[in-house]
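Chain residues, written in single-letter form:
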Amino acid sequence: MPSLGRLHLITDTRPGRDPLAVLRAALPVAGAELVVQVRVADDATDREAYELARRVVEACRPYGARCLVNDRLHVALAVGAAGGHVGADDLPVAAARHVLGADAVLGATAREPATARAAVAAGAGYLGVGPCHATTTKPGLPAPIGPDGVRAVAAAVTVPVIAIGGVTAASVPALRAAGAYGAAVVGALSSAADPARATAELLGALTC
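Note that residues are indexed from 1 along each chain, following the sequence as it is written. Under the rules for a predicted model, residues below a pLDDT of 70 receive no local features and side-chain atom pairs below 80 are neither given nor counted, while totals for whole chains, interfaces and linings still include all residues. For side-chain calculations, the full set of non-hydrogen atoms in the structure is used, while hydrogens and water are omitted.

1. Focus: the overall build of the protein
So, step 1. For the protein, the helix and strand inventory stands at nine helices and eight strands.
So, step 2. If you line up the protein on its principal axes, its C-alpha atoms span 40 × 35 × 30 Å.
So, step 3. It only takes one pair of heavy atoms within 4.5 Å for two residues to be counted as in contact. Of the contacts formed within the protein by residues at least 6 apart in sequence, a portion of 60% connects residues at least 24 apart.
So, step 4. Each accessible area is a Shrake-Rupley result for a 1.4 Å probe, and residues are judged covered by the shown protein chains and nothing else. In the form shown here, the protein has an accessible surface area of approximately 9200 Å², with 54% of it arising from carbon and sulfur atoms.
So, step 5. Counted as positive: Lys and Arg. Counted as negative: Asp and Glu. His and the chain ends are not counted at all. The location of each charge is read from NZ of Lys, CZ of Arg, CG of Asp or CD of Glu. When the 18 positive and 17 negative side-chain charges of the protein are each reduced to one mean point, those points stand 4 Å apart. Put simply, DSSP marks the helices as runs of H or I at least four residues long and the strands as runs of E at least two long, and each gets a number from the N terminus on.

2. What about the sheet that holds strand β1 (residues 7-10)?
So, step 1. For two strands to count as paired, DSSP must find a minimum of two bridges between them. Taken in spatial order, the eight strands close into a barrel running β1-β2-β3-β4-β5-β6-β7-β8, and their pairing is parallel. When strand polarity is set aside, the average angle formed by the axes of neighbouring strands in this sheet is 25°.
So, step 2. Bridge count between strand β5 (residues 105-110) and strand β6 (residues 126-129): four bridges; the pairing is parallel. In the strand pairing of β6, Ala110 is matched with Val129.
So, step 3. All axes here are fitted lines through C-alpha atoms, helices being fitted over the stretch that makes contact, and every angle between N-to-C directions spans 0 to 180 degrees. Across the sheet, helix α4 (residues 93-100) is in contact with β4 (83-86) and β5; its angle to β5 comes to roughly 165°.

3. Let's talk about the nonpolar core
So, step 1. Core analysis: the biggest nonpolar cluster contains 62 residues, and Leu23, Leu34, Val38, Val56, Leu127 and Val150 have the highest contact counts within it.
So, step 2. In contact with Val150, not counting residues within four places along its chain, are Val129, Cys132, Ile145, Val161, Leu175, Ala178 and Ala180.
So, step 3. Leu4, Leu68, Tyr126 and Ala184 belong to the second-largest nonpolar core, a separate cluster that totals nine residues. What makes a nonpolar core is a set of buried Ala, Val, Leu, Ile, Met, Phe, Trp, Tyr and Cys residues whose side-chain atoms join them at distances within 4.5 Å. For every residue, the accessible area obtained with a 1.4 Å probe (protein chains only) is divided by the maximum for its type, and the residue is called buried under 20%, exposed over 50%, and partly exposed between those limits.

4. Let's talk about the pairing of strand β7 (residues 161-164)
So, step 1. Two elements, β6 and β7, share three bridges in a ladder whose sense is parallel. The partner of Leu127 across the bridge, within β7, is Val161.

5. Quick notes on the packing of aromatic side chains
So, step 1. The pairing test for Phe, Tyr and Trp rings, Trp by its six-membered ring, is centres within 6.5 Å, and the orientation test on the planes gives stacked under 30 degrees, edge-to-face over 60, and tilted for anything in between. Counted by the stated rule, this structure contains zero aromatic pairs.
So, step 2. Across the ring face of Tyr181, the terminal group of Arg6 is positioned such that the distance to the ring centre comes to 4.1 Å. In this analysis the charged atom, NZ for Lys or CZ for Arg, is taken to sit over a ring once it is within 6 Å of the ring centre and within 35 degrees of the ring normal.

6. Description of the side chain of Asn70
So, step 1. With respect to the secondary-structure elements, Asn70 resides in strand β3 (residues 66-70).
So, step 2. A distance of 2.7 Å separates a polar atom in the side chain of Asn70 from a polar atom in the side chain of Gln37.
So, step 3. In this view, Asn70 contacts Gln37, Val38, Arg39, His85 and Asp90; residues no more than four positions away in its chain are not counted. Each polar contact in these results corresponds to two N or O atoms within 3.5 Å; when the atoms are within protein, one needs to be able to donate a hydrogen and the other to accept it, and residues that are neighboring in sequence are counted only if both atoms are side-chain atoms.

7. Quick word on the side chain of Gln37
So, step 1. Tracing the backbone through its elements, the reader meets Gln37 in strand β2 (residues 34-38).
So, step 2. Look at Gln37 and you get buried, because its relative accessible area is 5%.

8. Structural notes on the pairing of β2
So, step 1. For β2, the buried fraction is high: five of the five residues fall into the buried class.
So, step 2. Across four bridges, β1 lies against β2 in parallel orientation. Residue pairing for β2: Leu9 is matched across the bridge by Val36.
So, step 3. When the strands point away from the viewer, a crossover counts as right-handed if the path from the first strand over the helix to the second runs clockwise. Where the polypeptide runs from β1 across helix α1 (residues 19-30) and back to β2, its parallel neighbour, the crossover connection is right-handed.

9. A few points about unusual backbone geometry
So, step 1. Residue Pro131 is bonded to the preceding Gly130 through a cis peptide linkage, with omega at 0°.
So, step 2. Unlike most non-glycine residues, Asp71 shows phi in positive territory, near 70°.
So, step 3. Considering the arrangement of structural elements, one finds Asp71 in the loop between β3 and α3 (73-79).
So, step 4. Judged by its relative accessible area of 33%, Asp71 is partly exposed.

Structure, rendered in structure tokens:
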């Protein structure tokens, strides 16, 4: 799998949010350390997902950042994204790998060691692990696993573990100490008054 950036920005398409503005602020700061995961609401059309993903791919290209598409792997293929990410209710990891091909970046969601090992065996190249902390960004999530949960998963696999769920710059050091390679955020950037500064703070915590 190609090298993976440590800071993962998940697009926030809730009303009143501007994911492209946040992306434009983050890209000059993070460069190739940024991975952008295009996630849209369940009721968004494929055309809406395509248009957002297409613009994200175009914005990322000059900076060497990678774009992944959550769930809608046909959109990832259509826009030439670097790959995709599948959750527990999406395509099985092996099927997703078949769709994307051997060389694409493929992430999967896991929150405990057995699921993590199975996902890697099926073809996942990295794991999104969480929620680490309480978050209101996405409804219906299970209870937070904290750094100890991240540690258990990281010890079970050899692929990069990306901590997700309520992650802030202040919480990154404990997650890194637990074995997280990187972190995925939504609100930490989309709700920031200064997304560029927030990006720098997150990246500093991830790479120190």
